[in-house]
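Chains, contacts and geometry: an overview
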Amino acid sequence: MDKDVIISYIPHFKEALFLTLKIGWLGILLSLIIGLVGASLLHFKVKFLQKIVGIYIEIFRNTPLLIQLFFIYFALPKVGIQITAEKCGVLGLGLLGGAYMIETFRSGLEAVTTIQTESALSLGFSKAKTFRYIILPQALSMSIPGLVANIIFLLKETSVFSTISLMDLMFTAKDLIGMYAKTTENLFLLVVFYLIMLIPVSIIGAIVERKVRYAGFGD
Amino acid sequence: MNELLDVKYLHKEFDNNVVLKDINLSVKKGEVVVIIGPSGCGKSTFLRCLNGLEEIQSGVIRVDGLEVNPKNKDIVKLRQKIGMVFQSYELFPHLSVIDNLIIAPMKVQKRKREEVTKEALKLLDRVDLLDKKDMYPRQLSGGQKQRVAIVRALLVHPEIILFDEVTAALDPEMVYEVLETMQELARQGSTMIIVTHEMNFAKAVADKIIFFDKGEIVEETDDVEGFFASPKTERAAKFLDRFQFTTRL
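Counting restarts for each chain: residues are numbered from 1 in the order of the written sequence. Numbering of ligands from 1 and lettering of chains from A proceed in the order in which they are written. Local features in this predicted model are restricted to residues of pLDDT 70 or higher, and side-chain atom pairs are both shown and tallied only at a pLDDT of 80 or more, whereas totals for entire chains, interfaces and linings draw on every residue. Note that water and hydrogens are dropped before the side-chain values are worked out from all heavy atoms of the structure.

1. Some thoughts on the overall build of chain B
Labels follow the DSSP assignment, with helices taken as runs of H or I lasting at least four residues and strands as runs of E lasting at least two, numbered in each case from the N terminus. In terms of helices and strands, chain B carries 9 helices and 10 strands. When we talk radius of gyration, it's over C-alpha atoms, and the globule rule is simply 2.2 Å times the number of residues to the 0.38. For chain B, the C-alpha radius of gyration of 18 Å lies close to 18 Å, the compact-globule estimate for 249 residues. Each principal axis of the C-alpha distribution contributes one length, and for chain B these read about 55 × 45 × 35 Å. In this analysis, two residues are considered to be in contact whenever any of their non-hydrogen atoms come within 4.5 Å of each other. The contacts in chain B between residues at least 6 apart in sequence include a share of 64% that link residues at least 24 apart. Residue-level accessible areas treat just the shown protein chains as cover; the underlying method is Shrake-Rupley with a 1.4 Å probe. As presented, chain B carries roughly 11600 Å² of accessible surface, and 46% of it is formed by carbon and sulfur atoms. Only four residue types enter the tally: Lys and Arg on the positive side, Asp and Glu on the negative side; His and the chain ends are excluded. Every charge is mapped to an atom, namely NZ of Lys, CZ of Arg, CG of Asp or CD of Glu. Computing the positive centroid from 36 side-chain charges and the negative centroid from 39, chain B places the two 4 Å apart.

2. Some words on the interface of chain A and chain B
On the chain B side, the residues contacting the 22 residues of chain A number 28 residues. Defined here as a combined quantity, buried area equals the accessible surface (1.4 Å probe) lost by two parts on assembly, summed across both. Across the chain A/chain B interface, buried area totals approximately 2200 Å², and carbon plus sulfur atoms make up 61% of it. Each salt bridge in this description consists of a side-chain nitrogen of Lys or Arg and a carboxyl oxygen of Asp or Glu lying within 4 Å of one another. On inspection of chain A and its partner chain B, the count reaches 1 salt bridge. Among the ionic pairs, Glu118(A) bridges to Arg48(B), the shortest N-O distance being 2.7 Å. Pairs of N or O atoms within 3.5 Å make up the polar contacts considered here, provided that, within protein, one atom can donate a hydrogen while the other can accept it, and that residues adjacent in sequence are counted only when both atoms are side-chain atoms. Our count for the contact surface shared by chain A and chain B stands at 7 residue pairs in polar contact (both at pLDDT 80 or more). Mapped by element, the contributors of at least two residues to the side of chain A that touches chain B are helix 5 (114-122) and helix 6 (127-157) of chain A. Examining the composition of the side of chain A that touches chain B, we find that 7 residues originate from one element, helix 5 of chain A, more than from any other. Gly falls in the polar group here, along with every residue not listed as nonpolar (Ala, Val, Leu, Ile, Met, Phe, Trp, Tyr, Cys, Pro) or charged (Asp, Glu, Lys, Arg). Considering only residue class, the side of chain A that touches chain B consists of 11 nonpolar, 8 polar and 3 charged.

3. Quick look at the UniProt feature "domain: ABC transmembrane type-1" (unreviewed entry) in chain A
As annotated by UniProt and renumbered to match this structure, "domain: ABC transmembrane type-1" (unreviewed entry) occupies residues 17-205 of chain A. For residues 17-205 of chain A, helix accounts for 81% and strand for 0%, while the C-alpha atoms at its two ends are 20 Å apart. UniProt positions are given in the numbering used here, feature names are shortened, and annotations may be inferred rather than shown by experiment.

4. Description of the nonpolar core
For this analysis, a nonpolar core means a set of buried residues of the types Ala, Val, Leu, Ile, Met, Phe, Trp, Tyr and Cys, connected via side-chain atoms within 4.5 Å. Only protein chains enter the accessibility calculation, which uses a 1.4 Å probe. A residue is then buried if its area is under 20% of the maximum for its type, exposed if over 50%, and partly exposed in between. Membership of the largest hydrophobic core comes to 66 residues, with the highest contact counts inside it found for Phe13(A), Phe125(A), Ile134(A) and Leu169(A). With 13 residues, the single largest contributor to this core is helix 6 of chain A. Filtering out sequence-adjacent residues up to four positions away, Ile134(A) remains in contact with Gln116(A), Ala120(A), Phe125(A), Lys129(A), Phe92(B), His94(B) and Ile103(B). Grouped together as the second largest cluster of nonpolar side chains are 51 residues, Val32(B), Val85(B), Leu91(B) and Phe163(B) included.

5. Section: unusual backbone geometry
Of note, Ser165(A) is a non-glycine position whose phi angle comes to about 55 degrees, a positive value. Along the chain, Ser165(A) falls in the loop between helix 6 and helix 7 (169-180). At Tyr89(B), a residue that is not glycine, the phi angle is positive and equals roughly 65 degrees. By the element assignment, Tyr89(B) lies in the loop between strand 6 (82-85) and helix 3 (97-107).

6. Concerning the pairing of strand 4 (residues 58-63) of chain B
Residues and elements named next belong to chain B. What makes two strands pair is DSSP finding at least two bridges between them. Note that strand 1 (residues 3-14) and strand 4 share 5 bridges and pair antiparallel. Note on strand 4: the bridge partner recorded for Asp6 is Arg62. Pairing analysis gives 2 bridges linking strand 4 to strand 5 (residues 66-67), with the strands arranged antiparallel. Note that in strand 5 the partner of Arg62 across the bridge is Glu67. A loop of 2 residues connects strand 4 with strand 5, the two strands running antiparallel in sequence, and Asp64 in this loop sits at a positive phi of about 60 degrees.

If you want it as structure tokens, here you go:
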């Protein structure tokens, strides 16, 4: 491995890291919103919409991100819907992640016992306020381990972005290998940059998990 | 008459299983009604019907003249008149003791934080838990949790409080501290409906005893001493006899 080559490539990888992080986190944000809304619809058993959520989950959990991205990027323009590669990345990641996030939030909501709801109702809380003040906070803190796992999974899935010509980490590595054939150096940098991106998430996730557990569960 | 609670011909079934049949009951302001009876006789279900946690198939429940019906919009308002304390405490685990106490008055009744906090601390002090105000429920003992749950119900200023076997999950020594709190409430003139298996407590605190069996009221009397000395129905006699047997052991 050539040290000088590695150093000279770092700026390219840095740029790619920022792009990956930007699209990755925007996609994750979208997936969290979808997850929360979807799980709430399931929780309140909203007629019809509940079914749609179910179908959505099945579709997006059971097809690869690669194919979802191709569909959004290449097939939708054929019916007149054109979006940029970046937006496509955010949308694709958000939709895939949303399906997983719904399931994670849902299991958190289900873990809160019904008698907690009844106890809130008996104090005069409306159903909406029971959800907002009593059920959701407990469900969220129980969902944290699953959410952290999902976030790490989604950040890793960003490597598929290279297929729709987004200059992410994977794309940059492949591009540089194609031009200068320094395979080992590029693969080394690729691993290092993915670790730089993901290890902080793991660490922060573990800290948050411990914090919310300390806040009062396990009785 | 100032009937606070009025139940007429209450009938409730779960999937064609009749669990409560033709229950009639009226409770006056300040009255303490104790419901006893064998497990599975419908006592708890009856309490849950009273604040609209269960739907009923026929009959009417009125509190302060207003009908309790889980399908009505005003059930949320009405429930503030009917407090409930559960066997399993059901404190909110994500909130500290003081936040457990003030959340309903603040978010539901829109009362001022300072005013509610002041009242909450006063009541906490009265149940000897002032030093626990910033702790989380999991850091408290069962008896302490239950006393917090009672204070929480009181802070909404209900007209009537339902107690559903609130000491059944507690160690004997903790039973005492909870019953003491309830007795104090009774002395202050709170209207209470209590489901319990603590016969001595029932004897001490009740203005009226109701003996439930198989989903119906078998015996109802204001003569509390008389009931425990010599119940009028055979079923109540048998039930009490078994209880005395276990306490004699």
